[in-house]
Number of protein chains: 2
Amino acid sequence: MKTNVIYRRAHNQSLDLLARQPVGEALPSEPALAALLGVSRTTVRAVLTALEALGIMATDGRQRRLLRLPCRDDYLDAAGLEPLPEMLERKFMAWMVGPDCRPGAVINGLDLARQFGVSSSAIRECLNKFSHFGLLERQSNGRWRALGLTIDFVEELFDMREVMEFRAVDRFVALPSDHPAWEALAGIRAQHLALLDNFERRYRDFSELDHRFHRIVNGVAPNRFLGNIHGVMSVIFHYHYQWNKKDEKERNHVAALEHLAYIDGLESRDLGKARAASRLHLETARSTLLASIELAV
Amino acid sequence: MKTNVIYRRAHNQSLDLLARQPVGEALPSEPALAALLGVSRTTVRAVLTALEALGIMATDGRQRRLLRLPCRDDYLDAAGLEPLPEMLERKFMAWMVGPDCRPGAVINGLDLARQFGVSSSAIRECLNKFSHFGLLERQSNGRWRALGLTIDFVEELFDMREVMEFRAVDRFVALPSDHPAWEALAGIRAQHLALLDNFERRYRDFSELDHRFHRIVNGVAPNRFLGNIHGVMSVIFHYHYQWNKKDEKERNHVAALEHLAYIDGLESRDLGKARAASRLHLETARSTLLASIELAV
DNA sequence: TTCCTGTTCTTTTTGGATAAAAGACATCTT
DNA sequence: AAGATGTCTTTTATCCAAAAAGAACAGGAA
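Quick caveat: nothing in here was measured; it's all calculated off a predicted structure.

A short note on the overall build of chain A
So, point 1. Broken down by element type, chain A carries 13 helices and five strands.
So, point 2. Over its C-alpha atoms chain A spans a radius of gyration of 24 Å, topping by over 25% the 19 Å that the globule rule assigns to 297 residues.
So, point 3. The principal-axis extent of the C-alpha atoms belonging to chain A is close to 70 × 55 × 35 Å.
So, point 4. Of all 297 residues assigned to chain A, the portion counted as buried reaches 43%.

A few points about the UniProt feature "domain: GntR C-terminal" (unreviewed entry) in chain A
So, point 1. Within the UniProt annotation, "domain: GntR C-terminal" (unreviewed entry) is assigned to residues 156-284 of chain A.
So, point 2. Helix makes up 83% of residues 156-284 of chain A and strand makes up 0%, while its end C-alpha atoms are separated by 15 Å.

Observations concerning the interface of chain B and chain A
So, point 1. Chain B puts 24 residues into the contact, and the matching count from chain A is 25 residues.
So, point 2. Taken over both partners, the interface formed by chain B and chain A buries close to 2000 Å², and the fraction arising from carbon and sulfur atoms is 54%.
So, point 3. Taken as a group, His132, Arg224 and Phe225 of chain B account for 35% of the area that chain B buries against chain A, more than any other trio of residues on that side.
So, point 4. Across the chain B-chain A interface, the total number found is eight salt bridges.
So, point 5. The partner of Arg167 of chain A in a salt bridge is Asp159 of chain B, and the shortest N-O contact between them spans 3.5 Å.
So, point 6. The tally of links from chain B across to chain A stands at nine residue pairs in polar contact (both at pLDDT 80 or more).
So, point 7. Contributions of two or more residues to the side of chain B that touches chain A are made by α6 (120-132), α7 (151-173) and α11 (224-242) of chain B.
So, point 8. Examining the composition of the side of chain B that touches chain A, we find that nine residues originate from one element, α7 of chain B, more than from any other.
So, point 9. Partitioned by chemical class, the residues of the side of chain B that touches chain A number 11 nonpolar, five polar and eight charged.

Considerations on the protein's contact with DNA strand C
So, point 1. Taken together, 39 residues sit near DNA strand C, with Arg41 of chain A together with Ser40, Thr43, Asn108 and Arg124 of chain B positioned nearest.
So, point 2. Sugar plus phosphate, as a fraction of atoms of DNA strand C within 4 Å of the protein: 71%.
So, point 3. Take Ser119 of chain A: an N or O atom from its side chain is 2.7 Å from a phosphate oxygen of DNA strand C.
So, point 4. Between DNA strand C and Ile6 of chain B, the relevant distance is 3.2 Å, taken from a phosphate oxygen to a main-chain nitrogen or oxygen of the residue.
So, point 5. Listed by contribution, the elements that provide at least two residues to the surface near DNA strand C are α2 (30-37), α3 (41-53), α4 (84-97) and α6 (120-132) of chain A together with α1 (5-19), α3 (41-53) and α5 (109-116) of chain B.

Considering the sheet that holds strand β4 (residues 136-138) of chain B
Residue and element names in this part refer to chain B.
So, point 1. Pairing within the open sheet is antiparallel, and its three strands lie in the order β3-β5-β4. On the outer flanks of this sheet lie β3 (106-107) and β4, each paired with one strand and no other.
So, point 2. Alignment of β3 against strand β5 (residues 144-146), held across two bridges, turns out to be antiparallel. Looking across to β5, one finds that Val106 is bridged to Arg145.
So, point 3. Sheet strands touched by α6: β3, β4 and β5. Its angle to β4, the strand with the most contacts, is close to 105 degrees.

Regarding the pairing of strand β1 (residues 57-60) of chain B
Looking along a regular strand, one sees side chains alternate from face to face of the sheet.
Residues and elements named next belong to chain B.
So, point 1. Across four bridges, β1 lies against strand β2 (residues 63-66) in antiparallel orientation. Looking at β2, one finds that Met57 is bridged to Leu66.
So, point 2. What sits between the antiparallel neighbours β1 and β2 is a turn of two residues, in which Gly61 has the positive phi angle 65 degrees.

What to know about the protein's contact with DNA strand D
So, point 1. In the vicinity of DNA strand D lie 38 residues, with Ser40, Thr42, Asn108 and Arg124 of chain A together with Arg41 of chain B positioned nearest.
So, point 2. Across the atoms of DNA strand D situated within 4 Å of the protein, the share located in sugar and phosphate is 69%.
So, point 3. Within the contact set of DNA strand D, a phosphate oxygen lies 3.4 Å away from a backbone nitrogen or oxygen of Leu110 of chain A.

Looking at the state of the cysteines
Residue and element names in this part refer to chain A.
So, point 1. Tallying each qualifying case throughout the model produces zero disulfides over all chains.
So, point 2. Unpaired in this structure, Cys101 has its nearest cysteine sulfur neighbour in Cys126, at a distance of 12 Å.
So, point 3. Since its relative accessible area comes to 9%, Cys101 is described here as buried.

Topic: the nonpolar core
So, point 1. Phe92 and Phe130 of chain A together with Phe92 and Phe130 of chain B are the most contacted members of the largest nonpolar core, which totals 88 residues.
So, point 2. Apart from the residues within four sequence positions on either side, Phe130 of chain A is in contact with Glu89, Phe92, Met93, Leu135, Leu136 and Val235 of chain A.

Observations regarding the relation of the copies chain B and chain A
So, point 1. The two copies are related by a screw motion: chain B maps onto chain A through a turn of 180 degrees and a shift of 0.0 Å along the axis, at an RMSD of 0.1 Å. Such a turn and shift between the copies fits a two-fold axis.

Description of the domain arrangement of chain A
So, point 1. Examined at the domain level, chain A breaks down into domain 1 (2-74), domain 2 (84-146) and domain 3 (151-295).
So, point 2. Between the C-alpha centres of domain 1 of chain A and domain 2 of chain A the distance comes to 38 Å.

Digging into α4 of chain A
Residue and element names in this part refer to chain A.
So, point 1. Compared with the 20 Å implied by 1.5 Å per residue over 14 residues, the 20 Å span of α4 between its first and last C-alpha is a close match.
So, point 2. Within α4, burial applies to Met87, Leu88, Glu89, Phe92, Met93, Trp95 and Met96.
So, point 3. In the core, the buried residues of α4 are packed alongside β3 (106-107), α5 (109-116), α6, β4 (136-138), β5 (144-146) and α11 (224-242).

Calculation rules
- Residues numbered from 1 in each chain as written.
- Chains lettered and ligands numbered in written order.
- Predicted model: local features only at pLDDT ≥ 70, side-chain atom pairs only at ≥ 80, totals over all residues.
- Heavy atoms only, no water.
- Helix = DSSP H or I, 4+ residues; strand = E, 2+ residues; numbered from the N terminus.
- Rg over C-alpha atoms; globule rule 2.2 N^0.38 Å.
- Buried < 20%, exposed > 50% of the residue type's maximum accessible area, 1.4 Å probe, protein only.
- UniProt positions renumbered as here; feature names shortened; annotations may be inferred.
- Contact = heavy atoms within 4.5 Å.
- Buried area = accessible area lost by both parts, 1.4 Å probe.
- Salt bridge = Lys/Arg side-chain N within 4 Å of Asp/Glu carboxyl O.
- Polar contact = N/O pair within 3.5 Å; in protein donor to acceptor, adjacent residues only side chain to side chain.
- Nonpolar A, V, L, I, M, F, W, Y, C, P; charged D, E, K, R; others polar.
- Near = heavy atom within 4 Å.
- Pairing = 2+ DSSP bridges.
- Axes fitted to C-alpha atoms, helices over the stretch in contact; angles between N-to-C directions.
- Disulfide = S-S within 2.5 Å.
- Core = buried A, V, L, I, M, F, W, Y, C linked by side-chain atoms within 4.5 Å.
- Least-squares fit on C-alpha atoms with pLDDT ≥ 70 in both.
- Domains from an automatic or database assignment.
- Expected span 1.5 Å × (residues − 1).

The structure is reproduced here in structure tokens:
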């Protein structure tokens, strides 16, 4: 049956909210809480019932009153607060880049289901998803074959990334001066400088910044198909580098400087300059990823 | 439970094979038949058992002998010989471009399941697939929203197609003269000429030829992500024009001539010329599709 | 009126059951 | 030895049921 992650998250989030309220205060209405927590009223009602049972809150006619501040014991187990598909994606990706999966091998869905402790339906859905990422392939007999994070894969992925990024650069430099993207670009430049200023302590935050930067650039040339590619890339990067922390600091430092040059290129409105800076950055990223894969092989 | 489409197809295919054999002849071995039909030996054995029960064939020690030629009644019902996912894809796409689905509306999976006479799991899989085509979107609350074959969609799709095709053209003109692609190109040119020669009767075959032509061109710059786009496009074209046969002949005639010019461009090895011909063809296709959508709206 | 609550009905998610198909292995024939 | 067959095991496709979450509606309070 369905997991109740949504309920459990709503429960804990509610406690967080209540912790900031004075005891005796009247609580917001059900619809208000639903909007606040981003869930349906049905879920809110379930949470409220539980809170009442815990003695945190009492229904007084049509009003709810806070009886006491929530304590640590009121919280529901924080483990498994991740939606099943996400959890599975994580586990699967870890398996995929791990030593148990070699490119070209047939994937045994049933076995994976047992290994990950989920049903085979869930595995099936997951495999379907990843096949769109190009990491898997369906054979004629209904089986799945792992393609894996191979050199070829990375080459093709980065070819696409270049197409996507150059297309965006072309459009970016041609934007009118009052376009909001310029402001966003200035903002992200400031964030880069701030990060570099305190690099020793904050270099791990770069991956998040990287994501935002490329989203700003590519946001000016939206295309749902390329958008998918960006998603694939995020997933690949995320999982691959999670297992490959080597040189992370150095890698991020180089990339941050390249981003600044890239931003300069865009702000110069000179297409040639912008393209050159973009190309340089992508080339570095490509060879870095390739090197780290070859290392792993 | 699993459908037995595979079994039923194997059964009918076997009858086709046997119809071409003289009575009394010894039949191929189980593994040989399995390879011939492209199924497992398990399925072959099931078919053979059925054939024996029908009196078409008799097991004589280790050999099987054909007793009589198969007749029409021996064949299994030809209806429903399509794998479920394909059947569903067809129905769904027809629904999607039909009047019951308006862009932006929420899709009711359960209702679709009832309408199409399949389980909601099957619908789920189908929706998942089409969401990767960009025709659907998943909302935060787990529902599906139809995006539909809108102007935006077509624009973005063709933008991608241009990227893909230009990239291929660039590589194509740079191929060495002894590359097999040149021969394939000459072959497809001949097929175009043959089709035009007998256009009145054969113009419906163009769509197949079109597919092959673009596959040859794009085959020189393989990329699994772009390959996906090509797949999307095939599906869109296939279904859209299936419902929109208007001007088909004229449309195909223009496209065939443009293909010839495109082939000339490639064979001239002149990048500028090739690109121009390619661009012209893609522009025509784009505006034709857009016009036919606007007509439908 | 406008918004809240109680109630009921739908829809989605997920695991499990079961038939179909594939694959593995030992044995047997030629 | 090579290949075919009989038997058994594993894996996949598909539907179904039950829990969870969402949505709709009516009646009532502010």
